[in-house]
Amino acid sequence: MSALDVAIIGYGLAGSVFHAPLIAADPRLRVATVVTGSAERAAQASREHPGVRVLPDPDALFADPAGTALVVVASPNRTHAPLAALALDAGLPVVVDKPFTVTVAEAEDLVARAERAALLLTVFQNRRWDGDFRTVRRLVEEGVLGRVHRFESRFERWRPTPKGGWREVGGPADAAGILYDLGPHLVDQALVLNGPVTGVYCELDRLRPGISTDDDAFVALHHASGARSHLWASALAPRLGPRFRVLGDRAGYQVDGLDPQEAALRDGRRPDDGKPWGTVDSAHWGTVGAEPDAEPVPTLPGAYPAFYTGVAAALLDGAPAPVDPRDAITGLRVLEAARTSAETGAVVRL
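Rules of the game
- Residues numbered from 1 in each chain as written.
- Predicted model: local features only at pLDDT ≥ 70, side-chain atom pairs only at ≥ 80, totals over all residues.
- Heavy atoms only, no water.
- Pairing = 2+ DSSP bridges.
- Helix = DSSP H or I, 4+ residues; strand = E, 2+ residues; numbered from the N terminus.
- Contact = heavy atoms within 4.5 Å.
- Axes fitted to C-alpha atoms, helices over the stretch in contact; angles between N-to-C directions.
- Expected span 1.5 Å × (residues − 1).
- Buried < 20%, exposed > 50% of the residue type's maximum accessible area, 1.4 Å probe, protein only.
- Polar contact = N/O pair within 3.5 Å; in protein donor to acceptor, adjacent residues only side chain to side chain.
- Parallel < 35°, antiparallel > 145°, perpendicular 65-115°, else oblique.
- Nonpolar A, V, L, I, M, F, W, Y, C, P; charged D, E, K, R; others polar.
- Salt bridge = Lys/Arg side-chain N within 4 Å of Asp/Glu carboxyl O.

Some thoughts on the sheet that holds strand β7 (residues 148-156)
Then, in step 1: In space, the nine strands of this open sheet follow the order β14-β13-β12-β11-β7-β10-β9-β8-β15, with mixed pairing throughout. At either end of the open sheet lies a strand with only one pairing partner, and these are β14 (293-297) and β15 (348-349).
Then, in step 2: Helix-sheet contacts for helix α6 (residues 131-141) involve β7, β11 (244-248), β12 (252-255) and β14, and the interaxial angle to β12 is about 175 degrees.
Then, in step 3: Contacting β8 (197-205), β9 (216-223) and β15, helix α12 (residues 325-344) crosses the sheet at an angle of about 55 degrees to β8.

Right, here's the structure in full:
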């Protein structure tokens, strides 16, 4: 059977570094079309995917889908909902990059459209397949940590000089700022691990000159299970905290550093290059235990390719979507509550 033709709308960081290589690595999918208005990115797409059809705008794609079996929306955040709606209305399954949409209402509309048309709709929550998060889930599922009462998670960076893109100078309608950039990953992981949220508290700050939106965020979640998640995202962290610190009533787990898959993709590596993918050297494993003893625990390999393997299985085998879009709606509700909390200084109940 020939591979399914995939069209990617947007060929910036998300489209070129994350989506295209993972699609190309799956034998049942093919990067057939790239939509970009940039001549430089068009040339890049042609180099990286010989024979790809490059179109200047989404209208050209929807006017001539040319056998397209899947549309990937990897464009700026504010365009996610309208482009996904156009694709669904054209009868095309859709993958949407995070954040799913700018608002909960937009997300609910997309899910309703997909259900009416019986089309696949899923959201690229690739961080579910980070090796360190896979390790956390395994430790929790196997009962190594006991009952988890606190989950700490961080995406911190040291970027004192702003880049000036829309994520730093845009407004709420753009879903700009670090809360909607890294927050979808942090919140999704917390929901996957600890379940529904009943209360949200958030602090947002704008620390660097020349930006117009948040570049530092702290979010505290109270889960129905009784667990609490403390989540940090910052562009101005000269000293980085642990990536995860998970505390249970039997043991704790702590790990530093970031999953290596993003860096590998940025460096031009591909998951199908024949070399081990997503592995972490033993020097960077986390530790598990209770004071005064803690032992290194191997980090499971990261597995970003599993997302598009799941997409192919959903399209061809009738498997469920790799990420239920309703999960993304729940995450957006938490983010909306977090923004409200930051504005009011109060805990928002869900």
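Still more ground to cover, so stick around.
Here we look at α12
Then, in step 1: Its 20 residues give α12 an end-to-end C-alpha distance of 29 Å, which sits within 8% of 28 Å, the value for a rise of 1.5 Å per residue.
Then, in step 2: If you check which residues of α12 are buried, you get P325, A328, I329, G331, L332, V334, L335, A337, A338, R339 and S341.
Then, in step 3: Where α12 begins, the side chain of D324 points an oxygen toward the backbone nitrogen of R326, at a separation of 2.8 Å.
Then, in step 4: Of the residues trailing α12, G345 is marked for its positive phi of about 80 degrees.

Examining the packing of helix α5 (residues 104-117) against α12
Then, in step 1: It is the contact of α5 with α12, at a shortest axis distance of 9 Å, that shows an interaxial angle of 170 degrees. Looking at the two axes, α5 sits roughly antiparallel to α12. Contacts between α5 and α12 involve V104, A107, E108, V111 and E115 on the former and, on the latter, P325, R326, I329, L332, R333 and E336.
Then, in step 2: Grouping the amino acids of the contact of α5 with α12 by side-chain chemistry returns six nonpolar, no polar and five charged.

Considerations on the pattern of salt bridges
Then, in step 1: In this structure the tally under the stated criterion is 26 salt bridges.
Then, in step 2: The salt bridge partner of D317 is R28, with a shortest N-O separation of 2.8 Å. Of this pair, D317 sits in helix α11 (residues 305-317) while R28 sits in the loop between α1 (13-25) and β2 (29-35), and the two are 289 residues apart along the sequence.
Then, in step 3: With relative accessibility at 26%, the residue R28 sits in the partly exposed group.
Then, in step 4: The salt bridge partner of D327 is R128, with a shortest N-O separation of 3.1 Å. With D327 in helix α12 and R128 in the loop between β6 (121-124) and α6, this pair connects stretches of sequence that are 199 residues apart.
Then, in step 5: Classification of R128 as buried rests on a relative accessible area of 11%.
Then, in step 6: A cluster of three or more residues bridged by salt bridges with shared partners is formed by R127, D130, E262 and R266.

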